[in-house]
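# Breakdown of the fold
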2 protein chains.
Amino acid sequence: MDSWKLEYRCFNPQQQGLREALCTLGNGYFACRGAAPEATADDVHYPATYIAGCYNRLQTEIAGETIENESLVNAPNWLLLSFRIEGGDWFNLSEADILSYHQQLDIKQAILTRTLRFRGPAGRHTCIEQRRLVSMDQPHLAALQTLIYAEDWSGAIEIRSALDGHIVNAGVERYRDLNNLHLKSLTAESVTDDMCWLEVETNQSHIRIAQAATTRFWRGDKVIGLKPRVDRLEGSISHLYKTELDANQPLRIEKIAAIYTSRDHAISEPGLEARKAVAQSATFEQLAGRHILLWKQLWRRFDFDIVHEDAEEEDRTEQILRLHILHLIQTTSPHVMDLDVGVPARGLHGEAYRGHIFWDELFVFPLFNLRMPEITRALLRYRYRRLDEARRAARKAGYHGAMYPWQSASNGREESQHLHLNPKSGNWIADNSHLQRHINAAVAYNVWQYYQVTRDMEFLSFYGAEMLLEIARFWASLASYNEELARFVILRVMGPDEYHDAYPDKDQPGLNNNAYTNLMAVWVLLRALDLREILPTQRFSELCQTLNLSKEEFALWDEISRNMHVPFHQDDHGHDIISQFEGYQELAEFDWEGYRNKYGDIQRLDRILEAENDSPNRYKVSKQADVLMLFYLLSSEELDELLTHLGYSFEYETIPRNIDYYLERTSHGSTLSRVVNSWVLARANRPGAWALFTEALNSDVADIQGGTTPEGIHTGAMAGTVDLIQRCFTGIETRGDVLWLNPSLPEGLKSLNLNIRYRQHVLGLQMTTTCVRICTEPSAEQPIQIGIGGKIYHLKQGEVREFQL
Amino acid sequence: MDSWKLEYRCFNPQQQGLREALCTLGNGYFACRGAAPEATADDVHYPATYIAGCYNRLQTEIAGETIENESLVNAPNWLLLSFRIEGGDWFNLSEADILSYHQQLDIKQAILTRTLRFRGPAGRHTCIEQRRLVSMDQPHLAALQTLIYAEDWSGAIEIRSALDGHIVNAGVERYRDLNNLHLKSLTAESVTDDMCWLEVETNQSHIRIAQAATTRFWRGDKVIGLKPRVDRLEGSISHLYKTELDANQPLRIEKIAAIYTSRDHAISEPGLEARKAVAQSATFEQLAGRHILLWKQLWRRFDFDIVHEDAEEEDRTEQILRLHILHLIQTTSPHVMDLDVGVPARGLHGEAYRGHIFWDELFVFPLFNLRMPEITRALLRYRYRRLDEARRAARKAGYHGAMYPWQSASNGREESQHLHLNPKSGNWIADNSHLQRHINAAVAYNVWQYYQVTRDMEFLSFYGAEMLLEIARFWASLASYNEELARFVILRVMGPDEYHDAYPDKDQPGLNNNAYTNLMAVWVLLRALDLREILPTQRFSELCQTLNLSKEEFALWDEISRNMHVPFHQDDHGHDIISQFEGYQELAEFDWEGYRNKYGDIQRLDRILEAENDSPNRYKVSKQADVLMLFYLLSSEELDELLTHLGYSFEYETIPRNIDYYLERTSHGSTLSRVVNSWVLARANRPGAWALFTEALNSDVADIQGGTTPEGIHTGAMAGTVDLIQRCFTGIETRGDVLWLNPSLPEGLKSLNLNIRYRQHVLGLQMTTTCVRICTEPSAEQPIQIGIGGKIYHLKQGEVREFQL
């Protein structure tokens, strides 16, 4: 098994969706699926700029309204390339007599190859070899190379190469009733014998998307100039080329396409740039050469190396993790540094969640922070650009500061649906997910982590600090003082566990004192208070003026940070458990066994219960146990500090006790849940860690939710599993200007090597069960502090250090 | 005299253009003129994003072609607000019986106020007070507050508030024959009684520009709700309000306007955002409060303080320098940090040069580098985004690396005209200014200076180094080896002195071995070679791979850097003078006295000579002496190093000798020329320095070129004069990780205080003729090195040091 290759050796239409999602190619600017050798209508390719550039008007179709949904729109189809032999039917994979089929995603090179052999009419054998790429070197370009071998015949072949703007967004079944035609045709023209182009405009946001493509032919090394018949329809343009296929010589066809939108920088207008880009473009081989080089450099930054007792286990793990890294880089590559985009929960790989931005970046940024933090910086600026809208939302809801939305798109307003469909019951159900105010803790946490890893004072000064301060202000205004408890409380919110959005039999949505929310709010207030010491004096005073921050306000934050309420209840053994929210202990225990027996897969217990006219709100059940999120985001030292600061007692046993308590009551209805659980268990239970880790690995490759992966991969879960290797097993924590290492390799894992970046230093880490070796590259940077086993060491540039564990 | 105010106490239509240019308001996103209380058609307001977002198709009208010129387009007019009394004529400043007129630009607050009193029909006296601002707080907003006092009458008044998309670009007389209608109307609608909006689209680049405005009325503190008559025409929308004016109570009218374009980040579509922005906007006073606060913070960073023997001189100098700083910040404010814009040579203040980007940033960046380097960073990224286009240009011209264009606009292609008009003769003359390859030295120099001041390794790694290396490569490919000289030569280019573009009587344009170009090319090669030591190893090796840079190529650069040819000739005393270019000594001396007698102003000698069928190419005359640029950009130490490295001898006397030689032969046909000359003379001639400095100060306020300022202020000259205070008199040089100070206050100047930023430290500098005092703010940054009098001192955070001179 080659851990750098993902292979499918037969054609299986049932698995097609999953395979397409996993074999999607992208470069941060746009992505493109494509599994069939003739392109199909579901050849998805979203420009990344576009995802953040659109606007979602309304998502439900209750009142029969005309519905606009432009948050994720398929760009015109550039892959269209088909052929027919001797005037027969156009080739179609599902109808052809396929003799062999082999599809390979080269993970290292980000090139997809398919080879197939089929028998045509009159028993003619033909072999097709096709390679495609979405260039990491030139983000606007994609290329498709097709070789056609006539094995035992000669004769006429006709090739159709087209650009098609008649695009339907139909990738997610439950959205199909919504409006899914978003493009207006503007132009579709043939430019030269080998070039055509088209331009479309989105209906509501008026973004122009232009494509140009060249199609060129070779017989051996010889270019063949063919004069096409032009077939031009409203919104689509085809070139039809006729030539002779010779049994002795394959025909090579190269289609190079460019895509530009009106939101791109440094352009005149998208059509002109697209035509210029393909007119001057290189051959497939030249493009591939540069593309592979850029990927080589990315792998040098992002790869890792593990040695496991079981070689097969080692290969499989490396393969899946590399596939995950591939998809993450394809979604948020270095090209996002100059784009206004966030981290879409489902990558650029499918239409689910409509390309919206949720809190998934909380799971994605740790990976980028330690490998290429410039990417995180760019993605955090997406949040900064929407700070004003978050301020507006807070004001409108009666709060101060900035309230980031649970779902976000083009202009940063709240995009959460008010209703959602339960496909199990066919009911439209009230959706209160906008009450997940904890997104604001995630944004603040991400700002802080990025700063801790990079010490990027420019970012903190001009963007990060303002977000942190405004979010702190929001939390302070959301908290109210409860005289009885003599503590601050946060009422009517939802935690990450989406099974609970209200108290049973209460009309009003929301829960009180969600422990995760309350504790993270305190964490945010403390970090905002830290800024007083960290920011340059001049900038700090500017910010206080601009934001009108007074000493009294800081004093209030300090007070809340010492007196926030955290609910506890006791488990069966009389030990304190952090309550998921106030009143959690009053809920009924759930009949796990009964439901498992009845339904088998109960990951989506919410849908099952709703269809039974019941609700998870009545039970001690979690889709994702949100108390455990605390152990994921905060080290035990940090949690100890936090609870002590609040005047609650904390002992190390609190953690395993809570883990045991909640895992018994969790259905894992979220891919993120598995990552979090693996993480917290891995730290608590070294022998079992590997098994848990490999289970989390499978989310997407095995499509364990049964059908969600074809609708889009899960960026949070993919990054989370890589981060289990990167930060969990190594025990990396960046806190208080120290890089803490606390390795704990799971049983079976013999060693783990990776390169990370910390405060401009490139550090090579080599870990075994007994030893950590750290190498630094020579540089002129400030020495850094490494914490191991409770001690802090100063590491200078170019130093190599070894620590015995 | 208040050095924070610019006042005009009478209405003078002749001076109107100059006054409008100097009183333009802007915020980096857009700028707006406006001197008359009723807005006029030349109310210019360009969105800054737009300037870089457009495309200049062709600029001359030789063959009667349809001409597109969208590089600078007036956005629709939002200032339109007029009134008429008792159904009379609409008020018009040039026809009214004006009794008093007072216009004041508050430089500290960036607010323009006009007060005027006029006598209407039937002897009625009315007073108008009007304030306007372009918000520095909310870059999309502008506001106009008008108070109308009926002094001795009561009666009906009608107010017309409009948005008008019928816009003509007619600000520059010599461009008026070119196409000057660039906007297509899309929408013009009334939204509510107090709000209307309109949208237009540019013809070629299809950029949408949307505006919305609210008009609200107060009598005292009481809001008056008025129902307007709506007057809607294709491309314009007016609200007409009728009310009563009372002798005892002024009527207050506030018009708040928002402008968005389709190129903005974080928007759905521009119309929606514009309407949202004004619907929720504050009152004029609230907007002004925030606007003034933001300016206060900017002044804290950008201001300076001088004490001069002559108090009046001191006030006048401070006033002009502050006016310059105001205009520079208005052009490239902190809001450009998230825009794709460069430094337009004429600011956002006029239409001359069509908003194009030249080399003026070379004169502007030093100011920002030491005050708010984040702005420079953003503007350098404008260049980085156009690196690919520069590579394309180099390739097309047969060179390697990247060749930046002399004039640049939306997509970075060369926009220099092929012909230009001599208004003196009416002839269209071949324009070879694209041969000014030295722009590539300027871009590289700017990258390096920014890095030296900030040590911003992220910028250098991801953007700066790539530009430097590609430009170095270009210079190496432009240089050829001359066997006879046994040195490298650069042939057929133009230096900054635009009077010389060819040898007399030669058909082919270009000159050989322009000394400025050759020496700066060597300087670039040396800095590119320095990168090997400076960049992190990993990044450097990535760049070498990506750019395919070999050891052989570095070796070639090293060889060229040691063996570039520099031409010299001898002056009348037999001393070596650096020749402006090869063969300069063969040119005829010019009859300066004869021409001064004949023409008076001979700044534009090129036009005078061309009209006589002669050419400056024949004479030893310079518009701008480009050898002197060397002494401006490089300290004598650096120049010594450079020439010694090349195997030429250098002695300190070389500098004054060259200065004398070239100044005798310069016509100062460029505003930049005065800055450079003042600079080089100030260092060489302390007693005369002040007089030279004050002369350079006058470029724009006195419109010394006779008419160019109304067509747009000169950003390079404005920044250059501030920089004379900032770097020339203080002797600041940032080189080799040291902040060098070498103060030399001109006679008359008693002290000079300013705050600068150097490598994240905020340094307060106080200088007198005998002493330098340096204070640093406490911070956690690395100590810095200060060089004074040849010695290097280490300065820690929070330290205060005094040095006697």
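Here the residue index of a chain counts from 1 through its sequence in written order. For this description, chains carry letters from A and ligands carry numbers from 1, given in the order in which they are written. Reporting of local features is limited, given that this is a predicted model, to residues whose pLDDT is at least 70; pairs of side-chain atoms are given and counted only at 80 or more, and all residues count toward the totals for whole chains, interfaces and linings. The basis for every side-chain value is the complete set of heavy atoms in the structure, and neither hydrogens nor water enter the calculation.

## So, the overall build of chain A
Note the threshold: To qualify as a helix, a DSSP run of H or I must reach at least 4 residues; to qualify as a strand, a run of E must reach at least 2; elements of each kind are numbered from the N terminus. Radius of gyration: over C-alpha atoms. The globule rule applied is 2.2 Å multiplied by the number of residues raised to the 0.38 power. For every residue, the accessible area obtained with a 1.4 Å probe (protein chains only) is divided by the maximum for its type, and the residue is called buried under 20%, exposed over 50%, and partly exposed between those limits. Contacts between residues were defined by any pair of non-hydrogen atoms, one from each residue, lying within 4.5 Å. For the accessible areas, the method is Shrake-Rupley and the probe is 1.4 Å, while residue cover comes only from the protein chains on display. In this tally, Asp and Glu contribute negative charge and Lys and Arg positive charge; neither His nor the terminal groups of the chain are included. Taken as the charge location is NZ of Lys, CZ of Arg, CG of Asp or CD of Glu.
For chain A, the helix and strand inventory stands at 21 helices and 31 strands. In terms of overall size, chain A behaves like a compact globule, its C-alpha atoms giving a radius of gyration of 28 Å where 805 residues would be expected to give roughly 28 Å. The dimensions of chain A, computed from C-alpha atoms along their principal axes, are 90 × 65 × 60 Å. Considering chain A as a whole, with its 805 residues, one finds that 66% of them fall into the buried category. Considering only contacts within chain A whose residues lie at least 6 apart along the sequence, 69% involve residues at least 24 apart. For chain A, the computed accessible surface area is about 27700 Å², with 46% contributed by carbon and sulfur atoms. Charge centroids of chain A, computed over 82 positive and 110 negative side chains, lie 5 Å from each other.

## Description of the sheet that holds strand E4 (residues 81-85) of chain B
Residue and element names in this part refer to chain B. Rule in force here: Only when DSSP finds a minimum of two bridges between them are two strands counted as paired. Each axis is a line fitted through C-alpha atoms, taken for helices only over the stretch in contact, and angles between the N-to-C directions span 0 to 180 degrees.
Taken together, the 4 strands give an open sheet; going across it, the order is E4-E9-E15-E14, and neighbouring strands pair in antiparallel fashion. For this open sheet the edge positions go to E4 and strand E14 (229-233), each flanked by a neighbour on one side alone. Adjacent strand axes in the sheet meet at a mean angle of 20° when their direction is disregarded. Note: E14 against strand E15 (residues 236-245), 5 bridges, orientation antiparallel. Its bridge partner lying in E15, arginine 229 is registered against leucine 240.

## So, the sheet that holds strand E9 (residues 155-164) of chain A
Residues and elements named next belong to chain A. Ordered in space as E4-E9-E15-E14, the 4 strands form an open sheet in which the pairing is antiparallel. In this open sheet, the two strands that pair with only one neighbour each are strand E4 (81-85) and strand E14 (229-233). If you compare each strand with its neighbour and ignore which way they point, the axes differ by 20° on average. In this structure, E4 lies alongside E9, joined through 5 bridges in antiparallel fashion. Counterpart to phenylalanine 83 in the pairing with E9 is isoleucine 159.

## Some thoughts on the UniProt feature "binding site: substrate" (unreviewed entry) in chain A
Residue and element names in this part refer to chain A. Spelled out, the test is: UniProt positions are given in the numbering used here, feature names are shortened, and annotations may be inferred rather than shown by experiment.
UniProt's feature table lists "binding site: substrate" (unreviewed entry) at Trp359, Asp360, Lys623 and Gln624, given in the numbering used throughout. With respect to the helices and strands, tryptophan 359 occurs in the loop between helix H5 (311-331) and helix H6 (361-369). When its relative accessible area of 4% is taken as the criterion, tryptophan 359 is described as buried. Not counting residues up to four positions away in its chain, the partners in contact with tryptophan 359 are Trp406, His438, Ile439, Ala442, Pro496, Tyr516, Gln624, Met629 and Leu672. Looking at where glutamine 624 falls in the secondary structure, it is placed in the loop between helix H15 (605-611) and helix H16 (626-633). Dropping the residues within four chain positions of it, glutamine 624 is found in contact with Trp359, Pro496, Asp497, Met629, Thr666, Ser670, Leu672 and Ser673.

## Quick notes on the interface of chain B and chain A
Condition: A simple way to read buried area is as the amount of 1.4 Å-probe accessible surface that goes missing from two parts once joined, with both sides added. Salt bridges are defined as contacts in which a side-chain nitrogen from Lys or Arg sits within 4 Å of a carboxyl oxygen from Asp or Glu. As used in this structure description, the phrase polar contact means that two N or O atoms lie within 3.5 Å; if the pair is within protein, one of them must be able to donate a hydrogen and the other to accept it, and residues adjacent in sequence are counted only when both atoms belong to side chains.
Taken residue by residue, the interface counts 62 residues in chain B and 62 residues in chain A. A buried area of about 5800 Å², summed over both sides, lies between chain B and chain A, and 40% of it is on carbon and sulfur atoms. On inspection of chain B and its partner chain A, the count reaches 10 salt bridges. Of the charged contacts in the structure, one is a salt bridge between lysine 276 of chain B and glutamate 389 of chain A, with a shortest N-O distance of 2.8 Å. The tally of links between chain B and chain A comes to 31 residue pairs in polar contact (both at pLDDT 80 or more).

## As for the packing of helix H12 (residues 537-547) of chain A against helix H4 (residues 284-302) of chain B
To keep it simple, the criterion reads: Roughly parallel means an angle under 35 degrees; roughly antiparallel means over 145; roughly perpendicular covers 65 to 115; every other angle is labelled oblique. Under the convention adopted here, Pro, Cys and the residues Ala, Val, Leu, Ile, Met, Phe, Trp and Tyr are nonpolar, Asp, Glu, Lys and Arg are charged, and Gly plus all remaining residues are polar.
Two numbers describe how H12 of chain A lies on H4 of chain B: the axes approach to 10 Å, and their chain directions differ by 170°. With respect to H4 of chain B, the axis of H12 of chain A lies roughly antiparallel. Across the interface between the two elements, Gln538, Arg539, Ser541, Glu542, Gln545 and Thr546 of chain A from H12 of chain A touch Arg290, Leu293, Leu294, Lys296, Gln297, Arg300 and Arg301 of chain B from H4 of chain B. Residue composition of the contact of H12 of chain A with H4 of chain B, grouped by class: 2 nonpolar, 5 polar and 6 charged.

## Thoughts on empty space enclosed by the protein
Inclusion rule: A pocket, in this scheme, is an open set of points on a 1 Å grid over the protein atoms alone with protein on both sides within 12 Å along at least 5 of 7 lines, while a cavity is a set where a 1.4 Å probe fits but cannot get out; residues line either one if an atom lies within 4 Å of a point. Grid points are joined across faces, edges and corners, and a volume is the space filled by probe spheres set on the points.
The volume enclosed by the largest cavity comes to roughly 270 Å³. If you go around the largest cavity, you meet 22 residues; those closest to its centre are Met337 and Arg381 of chain A together with Met337, Asp338 and Arg381 of chain B. Looking at the lining of the largest cavity, the elements that each hand over two or more residues are helix H7 (373-385) and helix H10 (457-478) of chain A together with helix H7 (373-385) and helix H10 (457-478) of chain B. Residues of the lining of the largest cavity, tallied by class, amount to 8 nonpolar, 2 polar and 12 charged.

## What about the relation of the copies chain B and chain A?
Here is the rule we go by: A least-squares fit on C-alpha atoms brings the copies together, and the residues used are those whose pLDDT is at least 70 in both copies.
After a rotation of 180° and a shift along the axis of 0.0 Å, chain B superposes on chain A with an RMSD of 0.0 Å. Accordingly, the operation relating the two chain copies is best matched by a two-fold axis. Closest approach to the rotation axis within chain B is made by the C-alpha atom of arginine 263 of chain B, at a distance of 2.8 Å. Interface overlap between copies: 100% of the residues of chain B at the interface are likewise at the interface in chain A, consistent with a symmetric, same-surface contact.

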